[in-house]
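Inside the fold
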Amino acid sequence: MLVFLRKDADPAARDRVLALIRGEGIRADSRVVGGIAIVEAPPAAERLMERLAALPGVERVDVALGAVRLAAGSVAEGEKGAAVRVGTASFGDGSFPVIAGPCAVEGREVLFEIAAAVREAGARMLRGGAFKPRTSPYTFQGLGQEGLEALREAGDRTGLPVVTEVLDPRDVPLVARYADMLQVGSRNMQNFPLLTEVGRQPKPVLLKRGMAATLTEFLAAAEYILAEGNGKVVLCERGVRGVGEETRNTLDLAAVPALRTMTRLPIIVDPSHATGRAELVRPMARAAAAAGADGVMVEVHVRPEEALCDARQAILPAELEALVSECEAVRSVLSSAGACSRGLSVGAGA
C-alpha cells in the first residue's frame, strides 16, 4: 500500500500515517521513499485506505501491485522528486551537479591532477574506476584497493565526494569504506546479489541502466536496493544498444521525462558512455539538461591520448568548464520560460 503525502505535508503527517498503520497491528515497512509510506495491505485494506486518506497531509492512497513498489511515484513538471545528498552534492533538489573524472584510476599523480582540474572546472563530484568491467580479459582492469585509496585521497584533497563502481558483492564493504557513493554499472544492473548487498549498506547508490533494459526493468533493479532499506538511489541513463556504429550506444533521452512519470528517484545522464565520442559529450549534456535530468556524469582526462581505457570519449578540463556553463544556461532559459508560461496561464485565467 502506498500513502502519498502532499508536497506541503510536514514530518508530523508522516508520523501520523505510520502510527495509524502500527496501531492496527499490521506488519509495516517504515521506510519512506520520496514522501511515500509503504505497508503490506491487510485483508481489510479498503477500510484502512479510507482512514489513511482522511489523515491531514495525505494526498491519496493506492494499493501497489507488481514489482515496483518502493520506487513508484511521479514528478510533475516543475516539481522536485526525492533528493539524494552525496557530501556537498545533491541530486533531485533542483540543482544540477556534474560528476567528472577519468574512466579508471590509473595512478595517484595523474588522478590528483585530474581531480584538481575538474574541481576548478565546476564539477561537484569526482568519478574514477578502481575496479573496471572490461569486455576483454586482457585489458586494464583497474588498480583495486590501491585505486580506492588514491580516489579517497583525491576526494579529500579537493573536497569532492567520490563515486566508484563495485563489481562483486564481496567487495561492497571494501568499496563503501572509501567511496561516498557506490556505482552499479550497466553490465550489473540485474546482478541481483550485488543489488541486494549495496542495498544493505547505508551509502548512496548510483544505478546505471542496462544496455538492453526497459524502464520497468530498470526500476525493478532499483527496487532490489530500496527493498533492503537503502532509499538513497540515483538512476543513470547511459544509452542502450543501437543499430549503428556512429556512436557507442544510443542515448535514450526520452527516458528522463518518461521516468518522471514512473518514479520520484533522481535521474542523471551519462553522455560519455552513451556516445563514446568526446565531441558529442557537450551537446548531449546540454540535451540532458533540457530533458530535465538532475545532473550528468562525464569522463574527463588531462591527457586523453594517454588514458588506459575509453580514451575516445574523454573530454579535456576546458571542455568540462564549458559544459558546466552551457548546462546552467540551458536550465536558466528553461526556468525563465517556465515562469513566463505560468504567468501567462495565470493571466489568461484571470
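The structure displayed is predicted, hence computed values, not measured ones.

1. Considering the packing of helix H3 (residues 108-121) against helix H4 (residues 145-158)
For the pair H3 and H4, interaxial distance at closest approach is 9 Å and the crossing angle is 35°. For the pair H3 and H4, the crossing hand works out as right-handed. For the pair H3 and H4, the contacting residues are Arg-108, Leu-111, Phe-112, Ala-115, Ala-116 and Arg-119 in the first and Ala-150, Leu-151, Glu-153, Ala-154, Arg-157 and Thr-158 in the second.

2. Quick look at unusual backbone geometry
Trans is the prevailing form of peptide bonds, just as negative phi is the prevailing case for residues other than glycine. With phi around 55°, Asp-310 is a residue other than glycine that occupies positive phi space. In this fold, Asp-310 is placed in the loop between strand S14 (296-299) and helix H11 (317-349).

3. Considerations on the packing of aromatic side chains
Summed over the entire model, instances satisfying the criterion amount to one aromatic pair. Ring geometry for Phe-192 against Tyr-224: centres 4.6 Å apart, planes inclined by 25°, an arrangement best described as stacked. Of this pair, Phe-192 sits in helix H6 (residues 192-199) while Tyr-224 sits in helix H7 (residues 215-227), and the two are 32 residues apart along the sequence. On the basis of relative accessibility, which here comes to 35%, the residue Tyr-224 falls in the partly exposed class.

4. Looking at helix H1 (residues 11-23)
Look at H1: 18 Å from first C-alpha to last across 13 residues, which is about the 18 Å you get at 1.5 Å a residue. Those residues of H1 that sit buried are Ala-13, Val-17, Leu-18, Leu-20 and Ile-21. All buried residues of H1 lie within an arc of 160° about the axis, which places them on one face of the element. For H1, the exposed residues set more than 90 degrees away from the buried face come down to Pro-11 and Gly-23. A positive backbone phi angle near 75° is found at Gly-25, which sits one or two residues after H1.

5. Re the side chain of Arg-152
Along the chain, Arg-152 turns up in helix H4. Setting aside residues up to four positions removed in sequence, Arg-152 forms contacts with Leu-160, Val-162, Tyr-178, Ala-179 and Asp-180.

6. Describing the side chain of Gln-201
Tracing the backbone through its elements, the reader meets Gln-201 in the loop between H6 and strand S11 (205-208). Here the side chain of Gln-201 touches Lys-203 through a polar contact of 2.9 Å, landing on its backbone nitrogen. Beyond its immediate sequence surroundings of up to four residues, Gln-201 is in contact with Val-172, Ala-176, Leu-182 and Asn-230.

7. Details of the pattern of salt bridges
Tallied over the entire structure, the rule returns 22 salt bridges. For Arg-303, the salt bridge is made with Glu-113, and the minimal N-O distance between the two is 3.2 Å. Of this pair, Arg-303 sits in the loop between S14 and H11 while Glu-113 is found in helix H3, placing the two residues 190 residues apart along the sequence.

8. Considerations on the nonpolar core
One finds Leu-207, Leu-235, Val-298, Leu-320 and Leu-323 to be the most contacted residues of the largest nonpolar core, which totals 74 residues. Ranked by residues supplied to this core, first place goes to H3 with eight residues. Here Leu-320 is in contact with Val-98, Ala-100, Val-118, Ala-121, Ala-123, Val-298, Val-300 and Ile-315, once residues within four sequence places are set aside. Among the nonpolar cores identified, the runner-up in size contains 15 residues, and Val-17, Leu-18, Ala-45 and Leu-48 belong to it.

9. A short note on the pairing of strand S10 (residues 181-184)
Burial of S10 is two-sided: the residues Met-181 and Gln-183 facing one way and the residues Leu-182 and Val-184 facing the other way are all buried. Across three bridges, the pairing between strand S9 (residues 162-165) and S10 is parallel. The partner of Thr-164 across the bridge, within S10, is Leu-182. The parallel pair S9 and S10, bridged by helix H5 (residues 172-178), forms a crossover whose chirality is right-handed.

Here is what the cut-offs are and how they apply
- Residues numbered from 1 in each chain as written.
- Predicted model: local features only at pLDDT ≥ 70, side-chain atom pairs only at ≥ 80, totals over all residues.
- Heavy atoms only, no water.
- Axes fitted to C-alpha atoms, helices over the stretch in contact; angles between N-to-C directions.
- Helix = DSSP H or I, 4+ residues; strand = E, 2+ residues; numbered from the N terminus.
- Left-handed = near helix turned anticlockwise from the far one by under 90°.
- Contact = heavy atoms within 4.5 Å.
- Phe/Tyr/Trp six-rings, centres within 6.5 Å; stacked < 30°, edge-to-face > 60°.
- Buried < 20%, exposed > 50% of the residue type's maximum accessible area, 1.4 Å probe, protein only.
- Expected span 1.5 Å × (residues − 1).
- Arc of directions from axis to C-beta.
- Polar contact = N/O pair within 3.5 Å; in protein donor to acceptor, adjacent residues only side chain to side chain.
- Salt bridge = Lys/Arg side-chain N within 4 Å of Asp/Glu carboxyl O.
- Core = buried A, V, L, I, M, F, W, Y, C linked by side-chain atoms within 4.5 Å.
- Pairing = 2+ DSSP bridges.
- Right-handed = clockwise from strand over helix to strand, strands pointing away.

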